[in-house]
Amino acid sequence: MSEDAGKREQEPREPQDEDLASAFMRESEVVEEAVEDGKKVRRRGIYLLPNLFTTSALFSGFFAVVAALNGDFTAASVAIFIAMVLDGLDGRVARLTNTQSEFGAEYDSLADMISFGMAPGLVAFTWILQDIGKTGWVVAFLYVACAALRLARFNVQIGSVDKKWFIGLPSPSAAALVAASVWTFHSFDATALGFKLLMLLVVGAAGILMVSNIRYYSFKDVDLKGPVPFVALLAIVLGFVVISIEPSVMLLLLFGTYVASGPTMALMRKFKS
């Protein structure tokens, strides 16, 4: 036997009995670079807890579309608000448990596109905008496209803008305005031409404000861990009570005020200067 043949016999052989499931798990594993203790390391796998919240938000957005297609616009609107709550929790959970990752950030952005971009546009179109014809679906598409542009711009501006402000209307707030409008007007069976034109204006304005340079307060400098006056807690309780009286109307007023706050402050700054 030659020396080369002997070396080949001594080389370790690759396992031949690896089943299909194991091969799939190995080849589909997520591997990303992370910085730990000042050193770059290659990390395998994903963090489960924050991505569970992101998946739940994604499911809520998808459920909103399905409910709208079935004609249940109240459930569709509520599902968008549930997606908002879950979207706010996934980032906080990741920071509290120190489980932030690039995968989680990208997954969250894609879920936001479904829950706050595609879902509100389709819910509004399915309910009333389709009655306006071509203008209705064009405005609905405008909203969806602006949501995608807003999320893309937000991702590239992370770390380069003041965290106290959002540049442009945040997509969850735009989705909340559209969902609250559908919920309120549908509850009162408002299907006259005037309401159709009003929804056309609401959806179009929400989309344009998302890609504008108008600043919106982000509330990120609010200290949730520090002590607050007792009156603050009382105000929160009263807020829940007021919202529970007529949720759709109160949420529409709440988010309508926030959406209007950006242009209002921009005009005030312009007049002062």
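Residues numbered from 1 in each chain as written. Predicted model: local features only at pLDDT ≥ 70, side-chain atom pairs only at ≥ 80, totals over all residues. Heavy atoms only, no water.

Colleague: Before we go on, may I ask you to explain the overall build of the protein in this structure?
Modeller: Helix and strand counts for the protein stand at ten helices and four strands. When the helices and strands of the protein are placed in sequence order, the string is α-α-β-β-α-α-α-α-β-α-α-β-α-α. Per-residue burial for the protein yields a buried fraction of 37% across its 273 residues. The long-range share in the protein, meaning contacts at least 24 apart out of those at least 6 apart in sequence, stands at 76%. About 17000 Å² of surface is accessible on the protein, with carbon and sulfur atoms providing 66% of the total. (Helix = DSSP H or I, 4+ residues; strand = E, 2+ residues; numbered from the N terminus. Buried < 20%, exposed > 50% of the residue type's maximum accessible area, 1.4 Å probe, protein only. Contact = heavy atoms within 4.5 Å. Areas by Shrake-Rupley, 256 points an atom, 1.4 Å probe, with all protein chains shown as cover.)

Colleague: How do you make sense of the environment of Met 250 when you look at a structure like this?
Modeller: Position of Met 250 relative to the elements: it lies in helix α10 (residues 247-272). Judged by its relative accessible area of 23%, Met 250 falls in the partly exposed class.

Colleague: Where do I start with the pattern of salt bridges in this structure?
Modeller: Pairing of side chains with opposite charge becomes possible as their charged atoms draw close. All told, the structure shown has one salt bridge when counted by the stated rule. The closest approach of N and O atoms between Asp 131 and Lys 196, which form a salt bridge, is 3.8 Å. Of the two residues, Asp 131 sits in the loop between α5 (102-127) and α6 (134-157) while Lys 196 sits in helix α8 (residues 193-210), which places them 65 residues apart along the sequence. Given the relative accessible area of 47%, Asp 131 is considered partly exposed. (Salt bridge = Lys/Arg side-chain N within 4 Å of Asp/Glu carboxyl O.)

Colleague: Explain the packing of helix α3 (residues 48-69) against α5 to me, please; I cannot follow it from the model alone.
Modeller: When two helices pack together, their arrangement is given by the angle between the helix axes and by the axis-to-axis distance. Relative to each other, α3 and α5 sit at 15°, their axes nearing to 9 Å. Between α3 and α5, the interaxial angle falls into the category roughly parallel. The crossing of α3 and α5 is left-handed. Here Asn 51, Thr 54, Thr 55, Ala 57, Leu 58, Gly 61, Phe 62, Ala 64, Val 65, Ala 68 and Leu 69 of α3 come into contact with α5, specifically with Phe 103, Gly 104, Tyr 107, Asp 108, Ala 111, Ile 114, Ser 115, Ala 119, Leu 122, Val 123 and Thr 126. Taken together, the residues of the contact of α3 with α5 break down into 14 nonpolar, seven polar and one charged. (Axes fitted to C-alpha atoms, helices over the stretch in contact; angles between N-to-C directions. Parallel < 35°, antiparallel > 145°, perpendicular 65-115°, else oblique. Left-handed = near helix turned anticlockwise from the far one by under 90°. Nonpolar A, V, L, I, M, F, W, Y, C, P; charged D, E, K, R; others polar.)

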